[in-house]
Amino acid sequence: MDQKFLEVMKHEGPATIIALNAQPAGIVNTWMSYITIDQEDNQLYLPAAGMHSIEADFAEDNHVVITVGSKEVEGTAGPGAGFYIYGTGEFYAEGKHYDQLKAKFPWLRKILEVKIDRIEQKI
């Protein structure tokens, strides 16, 4: 994970999660500040209060794209940097990461773990 991506993730803004291969594509949103980054394992952990639609999509294909960005970070063409995060996701309702996020976000029903394949800066 490069420094520009990590800098963007320090800011608040929407994060859009897309179950890319669903028909139609499943799309849900959360806040960037809710996302926990595990740089060592190259994974993200997101609290899921809803996200039922993409969870159902994962039965067929669990590939996701997450979009994030911030106008507070210098991008490729001036103010504003944005990224696409490509990976595969799984939902969990138990385990260490679930317990950690449940303590922080008592309203969650599950966590979405995303194993990152690659991150691309788009702007």
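Residues numbered from 1 in each chain as written. Predicted model: local features only at pLDDT ≥ 70, side-chain atom pairs only at ≥ 80, totals over all residues. Heavy atoms only, no water.

**Q** Would you mind going over the packing of aromatic side chains with me for this structure?
**A** Aromatic rings in a pair are described by how distant their centres are and how their planes are angled relative to each other. Inspection of the entire model under this criterion finds six aromatic pairs. Judged by centre distance (5.4 Å) and plane angle (45°), the ring pair of Y34 and W107 falls under tilted. With Y34 in the loop between β2 (26-31) and β3 (36-38) and W107 in the loop between α3 (96-104) and β7 (110-121), this residue pair connects regions lying 73 residues apart in the sequence. Classification of Y34 by relative accessible area gives partly exposed; the value is 24%. What makes W107 partly exposed here is its relative accessible area of 40%. With a centroid separation of 6.2 Å and 70° between ring planes, the pair formed by Y84 and Y86 is classed as edge-to-face. (Phe/Tyr/Trp six-rings, centres within 6.5 Å; stacked < 30°, edge-to-face > 60°. Helix = DSSP H or I, 4+ residues; strand = E, 2+ residues; numbered from the N terminus. Buried < 20%, exposed > 50% of the residue type's maximum accessible area, 1.4 Å probe, protein only.)

**Q** Please explain the sheet that holds β3 as it appears in this structure.
**A** Across a sheet, strands are paired by hydrogen bonds formed along the backbone, either parallel or antiparallel in direction. Read from one edge of the open sheet, seven strands run β2-β1-β5-β6-β7-β4-β3, paired in antiparallel fashion. Edge positions in the open sheet fall to β2 and β3, since each of these has one partner strand only. Strand-to-strand twist in this sheet, taken as the mean axis angle between neighbours without regard to direction, amounts to 30°. Where strand β5 (residues 63-75) lies against strand β6 (residues 78-92), 10 bridges are found, and the strand directions are antiparallel. When the sheet's bridge partners are listed, V64 is paired in β6 with G87. (Pairing = 2+ DSSP bridges. Axes fitted to C-alpha atoms, helices over the stretch in contact; angles between N-to-C directions.)

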